Amino acid sequence: MAPLPPHHRRTPRSFGALTLAAAGAVLVCGEASAQMEPGLRGPVLERSITDDLIDGQARRDEQSLLGSPTALDTDMLDAPPYTPSSAGALADEEEAVSDAAAAQPRQGALIDNALDDPASAVEPVGRAQTAATLNQQRAAAVDADEADLVTGTVRTPRAGALDDVDTGRAAADSTRATAIEGLTRTPDENPYAPLGLRLGTFIVTPTLEQGIGWTSNANLSPDGEGSTFSETALRLNAISDWSRHSATIDADVSYRKSLSGQEISEVEGGVAGQLRLDLADQWSAFVGGGYRVRPESASSPETIEDAVSRPTRHTFTGNAGVERDLGPLRLQLAGDVIRETYGDAELSGGGTLPQDDRDTTLALVRMRAGYELSPALRPFVEAEIGRRSYDEEFDRNGYQRSADRYGVRAGVEVDIQEKLRGEISAGWVSENPEDERLPTMSGLSLAANLAWSPVRGTTVALDASTEVEGSTIAGKTGSLYHSASLSVSRELRQNLTGSVLAGIGWRDYFGHDESDLVLRGEASLTWWLNRYAGITGRASHEIQRGTLPDRDYDETRVYLGMTFQR
C-alpha cells in the first residue's frame, strides 16, 4: 500500500485534539441534561462535592498524559481520613459502598493516547480504586465512632443535613373551600320554638298576647251578665346562663277591659324569682321572693254584701333555706313568709268598705329529711311550724284570729330526667286560733308538682295544693281549700300546639257544715305562622256548686287573638 501524503496523515496531536473536543461536548451535554433530572434539583450535598473533586482530578490525570501523580494527588492520598467532630456527619456504610460501586464504571476508561501507549491507559483504574479506598476508610472511621458511643447515648444528627429533605413538588395546601350555601345544615329540632334574648348573663323569653274575648258571666255571680272584652297579656321568663349557681325570674301581667256588655276592668300580674347557690362541702342554699296582685276570687268564702266589685288582693312571698347531702341522706332547713293584704271593697250604694282586718302575715319554718333510694327516687318527710298573725288584734266582729300553725307530710321526689320530674306529698295541717270561740282548722294537706312526658312532644302535668283560708265572718274560723288540675299539652304538628286542662276544687268550712265544689275545663290551640307569631284560641267553662246560698254560678269564656314571642 502506498504511503499517504503528508497532508493526509493524522498525527497523534490532531487525534488527541479531536478526542478532547468530543469529550468536552459529552461533558457539556451530559451536565446540561443532568440538570433537567428531578433528583438533582434542590440542595447540593457535601458528599457529592467530594466525589466530584476526586473524579475530576482523575479525569485531569487522564488528559495530562503523565504517568506520575500530581502534588494534589499526593496530598489527598497522604491526608488522614476526615473525622467529624459530631457523630452522624458522615454517611453510613451502605452509602459508602454505593459510592464505591458508582465509581466502578469509570475503570477501563480510554484516553486519547491509549492506542499509542497502552501502559498509560491503566493509570485511571488505579485512581478510581484510590477513591473507593478513601470512601471505605471513611466508613470504617464512622463505625469506630459508633463503637465508642456508650449505652443510652443518642447520636446527634448532622447539622443542616439535607439528605431527608423532600425536594419533590409540594402538595397544594390552598384548596378551594366549599360554598356556604352548599354546606350541610343540621335540621332544627323545633323551628317554631322561641330563641330568647340574651340580656347580660340571662336568656329572656318574652311572650305577648292580644285578642278579643267573650264571657257569659262577667262578675262570676249567680245573676252575672255577658260581656265582650279586650285582653292584653305579657309574660317574661329569664334563666341564668352561669357555670355555677342558677337563677330564674318569671313575670306576667294582663289587663282585661270590656268593649260591650257588663263592665270589666281587671288587672292581674306578678313576679317571682329564685336564686340557688352551690356551696362547698355538699352544701347549697336558696333564696326567693315574689309579688302578685289580682282581684279576689269569686269562689272566696268571704262574702261582702252590696259590693259591686271584688277587692284587690296583694300577696308578697319570701323564702330562704340551706341543704346538705350526707351520702344518700339530704337535710333541708327553710323558712317562708307570706304577706296578704286586701284593698277596699266598693259598695253599690256608694262608698267603700275597708278590709284592713283581713291583712295577715304567715311565718313558717320547715324541716325536711330525704333518703336517696336511687338517682330517680328520693322519699322524704317534712314538718313545719309557724304562726299566722293578723294586723289587727280584733276583727270587726271582736274575734282574735291570730293562730299557731303545725303541719307534717310525707312524699317522694322523682327525677327521671326528661321523662318524669317533680314531687308529690300528702300530710296533715292544723291552725289553732287564739280565740277559744273559734274551732281549730285541721285536715288533709296535699301538694304535687309533677311533669311527665310519655312520648316526645307530649307533656302531662299534675298540680295540687291545699290552702288555709281565713275569714272574718262571725263564728267561722275559715276553710281549707283543696285544688288539683291535670293538663295535657301536645305538639300536634311542628306549627300546631294543643292543650286541655281539667281542674277540681273542694272547700271545707270550719265552724259550720258547709262546702263548695268548683269544676273547670279548658282547651286551647296555637297555630304558629312562623317562629315569632301565631294565632291562639281558647275556650273554657267553670261552675261552682255549694251549700251556702247565692254562691252558685256558671261561666263560659272564649278567646281569639295573636301570640308573639321572641
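Residues numbered from 1 in each chain as written. Predicted model: local features only at pLDDT ≥ 70, side-chain atom pairs only at ≥ 80, totals over all residues. Heavy atoms only, no water.

**Considering the overall build of the chain**
Next up, step 1: Counting its regular elements, the chain contains 5 helices and 21 strands.
Next up, step 2: Residue burial in the chain is summarised as follows: out of 566 residues, 31% are buried.
Next up, step 3: By sequence separation, contacts in the chain at least 24 residues apart represent 57% of the contacts at least 6 residues apart. (Helix = DSSP H or I, 4+ residues; strand = E, 2+ residues; numbered from the N terminus. Buried < 20%, exposed > 50% of the residue type's maximum accessible area, 1.4 Å probe, protein only. Contact = heavy atoms within 4.5 Å.)

**Examining the pattern of salt bridges**
Next up, step 1: In total, this model carries 40 salt bridges according to the counting rule given.
Next up, step 2: Aspartate 325 serves as the salt-bridge partner of arginine 330, at 2.8 Å between the closest nitrogen and oxygen.
Next up, step 3: Assessed through its relative accessible area of 23%, aspartate 325 is described here as partly exposed.
Next up, step 4: Between glutamate 542 and arginine 520 there is a salt bridge, with its nearest N and O atoms 3.8 Å apart. Linking glutamate 542 in strand β20 (residues 533-546) with arginine 520 in strand β19 (residues 515-528), this pair joins segments that are 22 residues apart in sequence.
Next up, step 5: Through salt bridges that share partners, Asp336, Arg366, Arg368, Glu382, Glu384, Arg388, Arg405, Arg409, Glu413, Glu423 and Glu431 make up one connected network. (Salt bridge = Lys/Arg side-chain N within 4 Å of Asp/Glu carboxyl O.)

**Some points on the packing of aromatic side chains**
Next up, step 1: The final tally for this structure, using the stated rule, is 2 aromatic pairs.
Next up, step 2: With a centroid separation of 5.6 Å and 80° between ring planes, the pair formed by phenylalanine 202 and tryptophan 242 is classed as edge-to-face. Taken together, the positions of phenylalanine 202 in strand β2 (residues 202-215) and tryptophan 242 in the loop between β3 (227-240) and β4 (246-261) put the pair 40 residues apart, joining distant regions of the chain.
Next up, step 3: With a centroid separation of 4.8 Å and 40° between ring planes, the pair formed by tyrosine 291 and phenylalanine 316 is classed as tilted. With a gap of 25 residues between them, tyrosine 291 in strand β6 (residues 283-295) and phenylalanine 316 in strand β7 (residues 312-326) connect regions that are remote in the sequence.
Next up, step 4: Residue classification places tyrosine 291 among the partly exposed positions, given a relative accessible area of 27%.
Next up, step 5: A cation over an aromatic ring shows up here: arginine 256 above the ring of phenylalanine 229, its NZ or CZ 5.6 Å from the ring centre.
Next up, step 6: Against the face of tyrosine 342 rests arginine 358, its NZ or CZ located 4.0 Å from the ring centre. (Phe/Tyr/Trp six-rings, centres within 6.5 Å; stacked < 30°, edge-to-face > 60°. Lys NZ or Arg CZ within 6 Å of the ring centre and 35° of its normal.)

**Considering empty space enclosed by the protein**
Which parts of space are left empty comes out when a probe the size of a water molecule is rolled across the atoms.
Next up, step 1: Applying the stated rule across the entire model yields 3 cavities of 30 Å³ or more.
Next up, step 2: There is about 60 Å³ of room inside the second largest cavity.
Next up, step 3: If you trace the second largest cavity, you find it lined by Arg388, Tyr390, Arg401, Ala403, Glu431, Pro433, Leu438, Met441, Gly470 and Thr477.
Next up, step 4: Elements with a contribution of two residues or more to the lining of the second largest cavity: β12 (377-390) and β14 (420-433).
Next up, step 5: Considered class by class, the residues forming the lining of the second largest cavity number 5 nonpolar, 2 polar and 3 charged. (1 Å grid on protein atoms, 1.4 Å probe; cavity = no way out; pocket = protein on both sides within 12 Å on 5 of 7 lines; lining within 4 Å. Points joined across faces, edges and corners; volume = space filled by probe spheres on them. Nonpolar A, V, L, I, M, F, W, Y, C, P; charged D, E, K, R; others polar.)

**Some remarks on the side chain of glutamine 544**
Next up, step 1: With respect to the helices and strands, the residue glutamine 544 is situated in strand β20.
Next up, step 2: With a relative accessible area of 0%, glutamine 544 lands in the buried category.
Next up, step 3: Within the structure, the side chain of glutamine 544 is placed 2.8 Å from the backbone oxygen of arginine 551, a separation counted as a polar contact.
Next up, step 4: What glutamine 544 contacts, discounting residues up to four positions off in sequence, is Ser299, Asp516, Leu517, Val518, Arg551, Asp552 and Tyr553. (Polar contact = N/O pair within 3.5 Å; in protein donor to acceptor, adjacent residues only side chain to side chain.)

**Some remarks on the side chain of glutamine 565**
Next up, step 1: With respect to the secondary-structure elements, glutamine 565 resides in strand β21 (residues 553-565).
Next up, step 2: For glutamine 565, the side chain forms a polar contact with the main-chain oxygen of tyrosine 192, separated by 3.0 Å.
Next up, step 3: Apart from residues no more than four positions distant in its own chain, glutamine 565 is found in contact with Tyr192, Ala193, Pro194, Pro206, Thr207, Trp528, Arg531 and Tyr532.

**A short note on the nonpolar core**
Next up, step 1: Val429, Met441, Val468, Leu480 and Phe510 form the largest nonpolar core, which has 5 residues in total.
Next up, step 2: Look past the residues within four positions of valine 468 in its chain and what remains in contact with it is Arg388, Arg405, Val429, Glu431, Met441, Ser479 and Leu480. (Core = buried A, V, L, I, M, F, W, Y, C linked by side-chain atoms within 4.5 Å.)

**With respect to the confidence of the model for the chain**
Next up, step 1: Looking at the chain, the pLDDT average stands at 78 and 67% of residues meet or exceed 70.
Next up, step 2: Note on residues 70-77: pLDDT under 50 across the span, and 13 contacts to partners over four residues away in sequence or across chains.
Next up, step 3: Low pLDDT (under 50) marks residues 159-167, which in the prediction has 7 contacts with non-local residues, meaning those over four places away or in another chain. (pLDDT = per-residue confidence, 0-100.)

**What to know about the environment of glycine 269**
Next up, step 1: Tracing the sequence through the fold places glycine 269 in strand β5 (residues 265-278).
Next up, step 2: On the basis of relative accessible area, glycine 269 is assigned to the buried category, the value being 7%.
Next up, step 3: Separated by 18 residues in sequence, glycine 269 and alanine 251 have C-alpha atoms that sit 7.5 Å apart.
Next up, step 4: Excluding its chain neighbours within four sequence positions, the residues that come into contact with glycine 269 are Asp252, Val253, Tyr291, Arg292 and Val293.

**A few points about the pairing of β7**
Next up, step 1: In this sheet, β7 lies alongside β6 in antiparallel orientation, the contact comprising 13 bridges. Directly across from alanine 285, in β7, lies its bridge partner valine 322.
Next up, step 2: Where β7 hands over to strand β8 (residues 329-342), the hairpin turn is made up of 2 residues, of which glycine 327 adopts a positive phi near 65°. (Pairing = 2+ DSSP bridges.)

**Things to note about the pairing of strand β13 (residues 403-416)**
Along a regular strand, successive side chains alternate from one face of the sheet to the other.
Next up, step 1: In this sheet, β13 lies alongside β12 in antiparallel orientation, the contact comprising 12 bridges. For isoleucine 385, the partnering residue across the bridge sits in β13 and is tyrosine 406.
Next up, step 2: Bridge analysis of β13 against β14 gives 14 bridges, and the strand direction is antiparallel. Note on β14: the bridge partner recorded for alanine 410 is alanine 426.
Next up, step 3: What sits between β13 and β14 in their antiparallel hairpin is a turn of 3 residues, with glutamine 417 showing a positive phi close to 50°.

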